[in-house]
Amino acid sequence: MKQADFVSLVMPFKDKVFRLAKRLLVSREEAEDATQEILLKLWRNKEKIGDYKNVEAFSMTMTKNFCLDRLKSRQAQNLKIVHSNYTDNSSSLQKQVEARDSMDWVSRIMEDLPEQQKIIVQLRDIEQYDYAEIAKMLDMNETAVRVNLSRARKTIREKLTNTHRYGIK
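Residues numbered from 1 in each chain as written. Predicted model: local features only at pLDDT ≥ 70, side-chain atom pairs only at ≥ 80, totals over all residues. Heavy atoms only, no water.

(A) Representation of the overall build of the protein chain. When helices and strands are tallied, the protein chain shows eight helices and zero strands. Mapped from its N terminus to its C terminus, the protein chain presents α and β elements in the order α-α-α-α-α-α-α-α. Split into buried and exposed, the 169 residues of the protein chain put 38% on the buried side. The long-range share in the protein chain, meaning contacts at least 24 apart out of those at least 6 apart in sequence, stands at 67%. Summing over all exposed atoms, the protein chain offers an accessible surface of approximately 10,500 Å²; the carbon and sulfur share of this is 47%. (Helix = DSSP H or I, 4+ residues; strand = E, 2+ residues; numbered from the N terminus. Buried < 20%, exposed > 50% of the residue type's maximum accessible area, 1.4 Å probe, protein only. Contact = heavy atoms within 4.5 Å. Areas by Shrake-Rupley, 256 points an atom, 1.4 Å probe, with all protein chains shown as cover.)

(B) Broad picture of the packing of aromatic side chains. Tallying each qualifying case throughout the model produces two aromatic pairs. The interplanar angle of 70° and the centroid separation of 5.1 Å between the aromatic rings of Phe-6 and Trp-43 together place this pair among those described as edge-to-face. Taken as a pair, Phe-6 in helix 1 (residues 3-10) and Trp-43 in helix 3 (residues 28-44) lie far apart in primary sequence, 37 residues in all. The exposure class assigned to Trp-43 is partly exposed, which follows from its relative accessible area of 29%. Taking 3.9 Å as the distance between ring centres and 15° as the angle between the ring planes, the aromatic pair formed by Tyr-52 and Phe-58 counts as stacked. A cation over a ring is seen here: Lys-16 above Tyr-129, with NZ or CZ 5.0 Å from the ring centre. A cation sits over an aromatic face here: Lys-46 above Trp-43, 3.8 Å from the ring centre. (Phe/Tyr/Trp six-rings, centres within 6.5 Å; stacked < 30°, edge-to-face > 60°. Lys NZ or Arg CZ within 6 Å of the ring centre and 35° of its normal.)

(C) Region of the structure containing the packing of helix 1 against helix 3. The N-to-C vectors of helix 1 and helix 3 enclose an angle of 135°; their axes lie 11 Å apart at closest approach. In this view, helix 1 runs oblique relative to helix 3, as classed from their interaxial angle. For the crossing formed where helix 1 meets helix 3, the hand is right-handed. Contacts from Gln-3, Phe-6 and Val-10 in helix 1 reach Leu-39, Leu-42 and Trp-43 in helix 3. A class-by-class count of the residues in the contact of helix 1 with helix 3 yields five nonpolar, one polar and no charged. (Axes fitted to C-alpha atoms, helices over the stretch in contact; angles between N-to-C directions. Parallel < 35°, antiparallel > 145°, perpendicular 65-115°, else oblique. Left-handed = near helix turned anticlockwise from the far one by under 90°. Nonpolar A, V, L, I, M, F, W, Y, C, P; charged D, E, K, R; others polar.)

(D) Highlighting helix 5 (residues 93-111). Relative to the 27 Å expected for 19 residues at 1.5 Å per residue, helix 5 spans 27 Å between its end C-alpha atoms, a close match to the ideal helical length. Residues of helix 5 that are buried: Trp-105, Val-106, Ser-107, Ile-109 and Met-110. (Expected span 1.5 Å × (residues − 1).)

(E) The arrangement of the pattern of salt bridges in detail. Using the criterion set out here, one finds nine salt bridges in the structure. We note a salt bridge from Arg-70 to Glu-30, for which the minimum N-O separation is 2.5 Å. Note that Arg-70 is positioned in helix 4 (residues 55-72) and Glu-30 in helix 3, a separation of 40 residues in sequence. Take Arg-70: its relative accessible area is 18%, and that puts it in the buried class. (Salt bridge = Lys/Arg side-chain N within 4 Å of Asp/Glu carboxyl O.)

(F) Summary view of helix 4. Compared with the 26 Å implied by 1.5 Å per residue over 18 residues, the 26 Å span of helix 4 between its first and last C-alpha is a close match. The set of residues buried in helix 4 consists of Val-55, Ala-57, Ser-59, Met-60, Met-62, Thr-63, Lys-64, Phe-66, Cys-67, Leu-68 and Arg-70. The elements touched by buried residues of helix 4 are helix 1, helix 2 (14-25), helix 3, helix 6 (115-126) and helix 7 (131-138). Of the residues that open helix 4, the one with a side-chain oxygen 3.1 Å from the backbone nitrogen of Glu-56 is Asn-54. (Polar contact = N/O pair within 3.5 Å; in protein donor to acceptor, adjacent residues only side chain to side chain.)

(G) Region of the structure containing the confidence of the model for the protein chain. Of the residues in the protein chain, 86% have a pLDDT of 70 or more, and the chain-wide mean is 82. Per-element mean pLDDT across the protein chain ranges from 81 in helix 5 up to 92 in helix 7. Scored below 50 in pLDDT, residues 79-88 makes 30 contacts in the model with residues more than four places away or belonging to other chains. (pLDDT = per-residue confidence, 0-100.)

Laid out in structure tokens, this is it:
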């Protein structure tokens, strides 16, 4: 495989790899390092890439495993999971503040979710993968993915509703 072929294969999903890494590792620098490491591993094994049916799913699995390993390592003891806030610049300042506040609350709530549920929410709701792909990436049953996603969404919804209803956690 030539460099141009590799780049054309990897470029469509490299941003997804970065977003998953950022979701898991928090720090932009850590996520960039993780993304670079995954791409480097893919490049080193470029001759075997053709053996995989879905290189993107394989890359996302590699990213998940790499990031979880980093989180478990001594180097990353102080890292936690957060979500970047994406806002619409055309909305009013008040709506932007409210949206940012809601996203901050969702991030805090997600920190309390079990690791597997965090990853499933990220892959399904942020990265837009379908259930079958997520099940394959996480080596889970498709029904288990649906159940975990449902539980995570329910937890987020309940805690966010309580926060908005009472004003305080």
